[in-house]
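Listed below, chain by chain, are the residues.
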Amino acid sequence: LAQGISGSRNRKPAAVENMSHRKFERPRHGSLGFLPRKRTRHHHGKIKSFPKDDESKPPHFTAFMTFKAGMTHIVRDVDKPGSKLHKKEVVEPVTILEAPPMVVVGFVGYVETPRGLRALTSVWAGHLSEECKRRFYKNWHNSKQKAFTKYQKRWGEASKDGTPMAAEVERAKKYCQVIRAICHTQVGKVKIGQKKAHLKEIQVNGGTTEKKVDFVMGLFEQEVKVDSVFGQDEMIDTIGVSKGRGFEGVVTRWGVTRLVRKSHRGLRKVACIGSWHPARVQFQVPRSGQNGYGHRTEINKKIYRIGKSIKDDPNNAVTENDLTEKAITPMGGFSHYGEVTNEFVMLKGTTPGIRKRLVTLRKSLLPQVSRKAVEKISLKFIDTSSKFGHGRFQTSEEKAKFFGGAVTKKAKTEAKAEEKAEA
């Protein structure tokens, strides 16, 4: 009997047996990989590493500077044998980056040392445009604007006798292992309300050092177009600065859980910011502060299209299936940007930063062999409806046709204008 009683005591009720395990641990909120979360100093993005050099290839650029215009969507057929989506239509978001040609204005030669690269010499072109010179000044119109005038004079005198800056060029060819071209954007071609060009060093890969130097020297004061750097269906990396959101609390900045409704002195907080000892707040503890405006490099973005400028191809958004004559700019322009009149790059998905901000495209550092990377992209439709509102029409002609009476309306307005003129 005693055994029976003790056995019944030890037996758990059925409900307790089925109870699941309560969790006592969870992953932390927010990544520590992006610390310190403060505003970046590299507002135009910094290329921290370039692809590995391969001398067997001809000399080529490894990066290009573009401006973010906005986003739209496309329709295409998926080419992925074995997948459920194979030969089916998908709608995908794309980012449009305006890419006016860059201008090469110099190069820097680097020597490899045990402590990394050391700049040995630099050579500039004989003539620099005004928008490039503006970069060397804080206040252009109040300055004497004398930058590079002496250098230009020396260049002119040397070019009469033979090749200008011959000694520096020979030094670079003899001693340097890495050659980086100094390029600037033609910011005047993009209507973002800025006159000062963006200046960047872009590494030249392929060929021997002599070939690299000759390649860059041959491009001095010349334009480099985006289609000479990247190709259709290529996988690339984007470098930019994320959208700034100012000072934010812990719930928005780190994604911690809100406290219960009745909690004392607010609920969008961290309940405990640490133990008594160590008597300091550890750096891993989420705190409020600056959110966004951080330097970001995002890898593996696929190029869906490299479009020509409006001058070369006024209907640069036409596809094989959609023969409507239209340009890439949506109706009413890209919101907070305007019209895209230069060459453009269409990337799948998103890129960091806001419109008008500089986004640097860089060749991938890795060999791209995945199915996604080697897939051939053929677009069926590019959306150009208004990005302000619901956007029912692809072109203004389509809108006029739908609403009708466009011709009669025009005639009425002209008649009214004539009456006013007579009166």
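Here's what I pulled together on the structure shown here.

Definitions and limits used
- Residues numbered from 1 in each chain as written.
- Predicted model: local features only at pLDDT ≥ 70, side-chain atom pairs only at ≥ 80, totals over all residues.
- Heavy atoms only, no water.
- Helix = DSSP H or I, 4+ residues; strand = E, 2+ residues; numbered from the N terminus.
- Rg over C-alpha atoms; globule rule 2.2 N^0.38 Å.
- Buried < 20%, exposed > 50% of the residue type's maximum accessible area, 1.4 Å probe, protein only.
- 1 Å grid on protein atoms, 1.4 Å probe; cavity = no way out; pocket = protein on both sides within 12 Å on 5 of 7 lines; lining within 4 Å.
- Points joined across faces, edges and corners; volume = space filled by probe spheres on them.
- Polar contact = N/O pair within 3.5 Å; in protein donor to acceptor, adjacent residues only side chain to side chain.
- Contact = heavy atoms within 4.5 Å.
- Pairing = 2+ DSSP bridges.
- Core = buried A, V, L, I, M, F, W, Y, C linked by side-chain atoms within 4.5 Å.
- Patch = residues over 30% accessible without salt bridge, like charges linked within 9 Å, V, L, I, M, F, W, Y side chains within 5 Å.
- Areas by Shrake-Rupley, 256 points an atom, 1.4 Å probe, with all protein chains shown as cover.
- Salt bridge = Lys/Arg side-chain N within 4 Å of Asp/Glu carboxyl O.
- Arc of directions from axis to C-beta.

1. Structural notes on the overall build of the protein chain
At step 1: A count of helical and extended segments in the protein chain gives 10 helices and 15 strands.
At step 2: Taken against the 2.2 N^0.38 rule, which gives 22 Å for 423 residues, the C-alpha radius of gyration of the protein chain at 30 Å runs more than 25% over that of a compact globule.
At step 3: Counting only C-alpha atoms, the protein chain reaches 120 × 80 × 55 Å along its principal axes.
At step 4: Taken across its 423 residues, the protein chain has 40% of its residues classed as buried.

2. Overview of the layout of surface pockets
At step 1: Its boundaries defined by the atoms lining it, the largest pocket holds a volume of some 450 Å³.
At step 2: Taken together, 17 residues form the lining of the largest pocket, with His42, Gly45, Lys46, Leu199 and Lys200 sitting closest to its centre.
At step 3: If you list the elements that add at least two residues to the lining of the largest pocket, you get strand E6 (178–184) and strand E7 (199–205).
At step 4: The element best represented in the lining of the largest pocket is E7, accounting for 3 residues.

3. What about empty space enclosed by the protein?
At step 1: Evaluated as defined, the whole model comprises 1 cavity of 30 Å³ or more.
At step 2: Space inside the largest cavity adds up to approximately 40 Å³.
At step 3: Along its surface, the largest cavity is lined by Ala125, Gly126, His127, Leu128, Lys133, Phe148, Tyr151 and Gln152.

4. Considerations on the side chain of Asn205
At step 1: Within the element layout of this structure, Asn205 appears in strand E7.
At step 2: Here Asn205 falls in the buried class, since its relative accessible area comes to 2%.
At step 3: Separated by 3.0 Å, the side chain of Asn205 and the backbone oxygen of Pro51 make a polar contact.
At step 4: Setting aside anything within four residues of it in sequence, one finds Asn205 in contact with Pro51, Lys52, Asp53, Pro58, Pro59, His60, Thr62 and Lys212.

5. Describing the pairing of strand E9 (residues 235–241)
At step 1: With 7 of 7 residues buried, E9 lies mostly within the body of the structure.
At step 2: Where E9 and strand E12 (residues 295–307) come together, 6 bridges link them in antiparallel fashion. Residue Gly240 lies in a different strand from E12, and its bridge partner there is Arg296.

6. Here's the deal with the nonpolar core
At step 1: Phe61, Val104 and Met346 are the most contacted members of the largest nonpolar core, which has 70 residues in total.
At step 2: Looking at which element gives the most residues to this core, the answer is strand E4 (residues 102–113), with 8 residues.

7. Remarks on a nonpolar patch on the surface
At step 1: Among the surface-exposed residues, Leu32, Leu35 and Phe283 lie close enough to one another that they form a single nonpolar patch of about 270 Å² accessible area.
At step 2: Topologically, Phe283 is positioned in the loop between helix H7 (250–254) and strand E11 (289–292).

8. Here's the deal with the pattern of salt bridges
At step 1: Under the definition given, this model contains 16 salt bridges.
At step 2: Residues Glu375 and Arg76 are paired through a salt bridge, measuring 2.9 Å at the closest nitrogen-oxygen approach. One end of the pair, Glu375, is in the loop between helix H8 (371–374) and strand E15 (379–382); the other, Arg76, is in strand E2 (residues 63–77), with 299 residues separating them in the sequence.
At step 3: Given a relative accessible area of 6%, Glu375 falls into the buried group.
At step 4: For Lys189, the salt bridge is made with Glu223, and the minimal N-O distance between the two is 3.3 Å.

9. A word on helix H6 (residues 209–218)
At step 1: All of the buried residues along H6 are Thr209, Lys212, Val213 and Val216. The buried residues of H6 occupy an angular sector of 95° when the element is viewed end-on, so they sit on one face. Turned more than 90 degrees away from the buried face of H6, the exposed residues are Lys211 and Gly218.
At step 2: Contacts from the buried residues of H6 go to E4, helix H5 (166–175), E6 and E7.

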